[in-house]
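Commentary on secondary and tertiary structure
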Amino acid sequence: MNQLFAKAVFRGLIGGIRNGNRYLSSSSATTVTAAAVGRPFDEAVVLWRGPGWGFIGGAQWRRAASTATERTTAGAEKDRKESTVADQDRTDDAVAGAEKKKDRDVVVSSYWGIQPPRIIKEDGTEWPWTCFMPWETERADLSIDLGKHHVPKTFLDKVAYWTVKTLRVPTDIFFQRRYGCRAMMLETVAAVPGMVGGMLLHLRSLRKFEHAGGWIKALLQEAENERMHLMTMVELVKPKWYERLIVLTVQGGFFNIFFVLYLLSPKLAHRIVGYLEEEAIHSYTYFLDDINSGKIENVPAPAIAIDYWRLPKDATLKDVVTVIRADEAHHRDVNHFASDIHYQGKELKEAPAPLGYH
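None of these values were measured; they are calculated from a predicted model.

On to the environment of Leu 200. By secondary structure assignment, the location of Leu 200 is in helix α6 (residues 179-208). Taking C-alpha positions, Leu 200 is 8.3 Å from Tyr 262, a pair spaced 62 residues apart along the chain. For Leu 200, the residues in contact, after removing those within four places along its chain, are Phe 259, Tyr 262 and Leu 263.

Okay, structure coming up:
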């Protein structure tokens, strides 16, 4: 009996192991397969159940857990590398975006693709001005005769002469010996005739399909030169609010009056400007007298004046006033010459314009 009982127990144990293996290979395979569809093998292993999960099942689970740990570590390393690559890509994209933005900014500041030239001065420094270029600078002819005067002979000449003399009276009363403020006011008026004359000649040239003999450019050059006088004086004299108001009033009135006058009588208009320039020479001469006598401090010349008139670096206010006075003398000659052409019954285009005569 004992032997028969022992054999029965032994057979039962063997049958259980076999049944467990069959469970793993058949019914439990369905569970593992179903779980493996939606998740990795190492996660499906823990779902194994049944009578056969003793030593063999534990061994299978330990092998699956070890495989799961290795795969998890490998996955984390892969994710880290992918994250690093993604971060690098984002950095590269940001740098590329910044470069593209910089390129767009350069295009905007370079006149729609036309890069402005980088100009270097003779001393090696970069040209600081955009309102004028080195080839537009002047070198005043200081040998010009400052004492020349057109004696009024005709009726229109006398009208022009006494008109200018009359206008000087309120100017002397208001500014007295403040020659800096006087010069500033004078230049706001003196820069108008060249612009008006050049503009009207330009329009006439367009209407009649004819050349203007270079006078358009000559008169516009005069207007630009007078404007540079003003820009220089503004650096030296800071106008007060009421002086700015006077400038607005005088310039607005003078522009319209001179516009109509030039349409009616160009010879009278140019003669008036010639006499205005004569008075400007006198005013700047008085200015220099006060500088020489010490009544006005001989301060260093503004940088814009040094570059525009090609003055030495140690130039002073006296040098600036001297070259401006020479410019006014040249404008005097040009306008008296233009008036003489009209007095002879000719048009300006019939006489070559004194281009570059400053």
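Having put the structure on the table, let's press on.
Take unusual backbone geometry next. Located in the positive-phi region is Phe 209, a residue other than glycine, with phi close to 55°. Tracing the sequence through the fold places Phe 209 in the loop between α6 and α7 (215-236).

What follows deals with helix α11 (residues 317-343). The end-to-end C-alpha separation of α11 is 39 Å, in line with the 39 Å expected for 27 residues at 1.5 Å each. The buried fraction of α11 amounts to 21 of the 27 residues, a majority that puts the element mostly inside the structure. Positive backbone phi, approximately 80°, marks Gly 345, located one or two places after α11.

The next point concerns the pattern of salt bridges. Considering all chains together, one arrives at 16 salt bridges under this definition. For the salt bridge of Arg 118 with Glu 126, the shortest nitrogen-to-oxygen distance reads 3.7 Å. Residue class for Arg 118 comes out exposed when judged on its relative accessible area of 63%. In this structure, Lys 148 and Asp 333 form a salt bridge, with 3.6 Å as the shortest nitrogen-oxygen distance. You can see Lys 148 sitting in the loop between α4 (55-108) and α5 (155-175) and its partner Asp 333 sitting in helix α11, a full 185 residues away along the chain. Classification of Lys 148 by relative accessible area gives partly exposed; the value is 42%. Three or more residues are tied together by salt bridges with common partners; here these are Lys 165, Arg 168, Asp 172, Arg 182 and Glu 279.

Next up on the list: the packing of aromatic side chains. A full pass over the atoms with the stated rule returns 13 aromatic pairs. Each ring, one from Tyr 161 and one from Tyr 275, has its centre 5.3 Å from the other, and the planes form 75°; the classification is edge-to-face. Pair noted here: Tyr 161 is in helix α5 and Tyr 275 is in helix α9 (residues 266-293), with a separation of 114 residues, a long-range link. Of the two residues examined, Tyr 161 and Tyr 275, each falls in the buried class. An angle of 45° between the planes, with centres 6.1 Å apart, marks the rings of Phe 258 and Tyr 262 as tilted. Of this pair, Phe 258 and Tyr 262 both sit in helix α8 (residues 241-264), four residues apart, which is roughly one turn of that helix. In this structure Tyr 262 comes out as buried when scored by relative accessible area, which is 6%. Taken together, the ring pairs connect Trp 127, Trp 129, Phe 132, Tyr 308 and Trp 309 into an aromatic cluster. The lysine or arginine in question, Lys 267, covers the ring of Tyr 343, its NZ or CZ lying 5.0 Å from the ring centre.

Rules and cut-offs
- Residues numbered from 1 in each chain as written.
- Predicted model: local features only at pLDDT ≥ 70, side-chain atom pairs only at ≥ 80, totals over all residues.
- Heavy atoms only, no water.
- Helix = DSSP H or I, 4+ residues; strand = E, 2+ residues; numbered from the N terminus.
- Contact = heavy atoms within 4.5 Å.
- Expected span 1.5 Å × (residues − 1).
- Buried < 20%, exposed > 50% of the residue type's maximum accessible area, 1.4 Å probe, protein only.
- Salt bridge = Lys/Arg side-chain N within 4 Å of Asp/Glu carboxyl O.
- Phe/Tyr/Trp six-rings, centres within 6.5 Å; stacked < 30°, edge-to-face > 60°.
- Lys NZ or Arg CZ within 6 Å of the ring centre and 35° of its normal.

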